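Results of the structural survey
This is what each chain is made of:
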Amino acid sequence: MVPETHWPCRSNALPSAFCAVVAERRLLKNLAYHLVGSVDVAERAVKQTYTAWYTMADDQQNRVESPFSWLVGTLVRICLGLLEPSSPPAGGQTASEAGRPHVADPPPRRWGVWRDAPML
């Protein structure tokens, strides 16, 4: 008789793939929140990221070596796009009333210490 070394299956246990997707989404949402400083904007950025992934052609998805890295990179680009002001031109320069160019102030930091931020 061989002793049983594994845990018995629970009938109410979630599949591991589902748990992985939930953990991935939570990580992406936390990252987006730390980048943009808003729960609603973070959720919108995560939705746009997943929309970009799931609307991508299968052959393009197959060429991605690390889907999670692709998701993180896409999420960061989306968040940066949401943070960019729409009025000043690229390069951060605007013109004063006298027509002299001046460099715009850097954007304020929208996040503090990571451990002080709420978990979503």
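Residues numbered from 1 in each chain as written. Predicted model: local features only at pLDDT ≥ 70, side-chain atom pairs only at ≥ 80, totals over all residues. Heavy atoms only, no water.

**Some points on the nonpolar core**
One finds L28, A32, A45, V46, L75 and C79 to be the most contacted residues of the largest nonpolar core, which totals 17 residues. Where this core is concerned, the elements lending two or more residues are α1 (16-36), α2 (39-54) and α4 (67-83). For this core, the element with the highest residue contribution is α1, accounting for six residues. Discounting chain neighbours no more than four positions away, the residues touching A32 are G37, A42, A45, V46, L75 and C79. (Core = buried A, V, L, I, M, F, W, Y, C linked by side-chain atoms within 4.5 Å. Buried < 20%, exposed > 50% of the residue type's maximum accessible area, 1.4 Å probe, protein only. Helix = DSSP H or I, 4+ residues; strand = E, 2+ residues; numbered from the N terminus. Contact = heavy atoms within 4.5 Å.)

**Considerations on the side chain of E43**
On the secondary structure map, E43 appears in helix α2. The exposure class of E43 is buried, given its relative accessible area of 16%. Residues in contact with E43, not counting those within four places in the same chain, are R25 and K29.

**Some words on the packing of aromatic side chains**
All chains considered together, the criterion is met by two aromatic pairs. Measuring from ring centre to ring centre gives 6.2 Å for Y50 and Y54, while their planes differ by 20°; the resulting arrangement is stacked. With Y50 and Y54 both in helix α2, this residue pair falls four residues apart, about one helical turn. Taking the relative accessible area as the measure of exposure, Y50 reaches 10% and is therefore buried. On the numbers, 5.2 Å between centres and 55° between planes, the contact of W53 with W70 is tilted. In this pair, W53 is assigned in helix α2 and W70 in helix α4, connecting sequence segments 17 residues apart. (Phe/Tyr/Trp six-rings, centres within 6.5 Å; stacked < 30°, edge-to-face > 60°.)

**Focus on α1**
Taking 1.5 Å per residue, 21 residues should reach 30 Å; α1 reaches 30 Å between its end C-alpha atoms and fits that length. Within the span of α1, buried status applies to L28, K29, N30, L31, A32, Y33, H34, L35 and V36. If you follow the buried residues of α1, they end up packed against α2 and α4. Of the residues trailing α1, G37 is marked for its positive phi of about 80°. (Expected span 1.5 Å × (residues − 1).)

**Here's the deal with the confidence of the model for the chain**
Scored by pLDDT, the chain comes out at a mean of 76, with 59% of its residues at no less than 70. Note on residues 89-93: pLDDT under 50 across the span, and seven contacts to partners over four residues away in sequence or across chains. (pLDDT = per-residue confidence, 0-100.)

**Considerations on the environment of A42**
Here A42 shows up in helix α2. Leaving out residues up to four positions away in the same chain, A42 has contacts with K29, A32, Y33 and V36.

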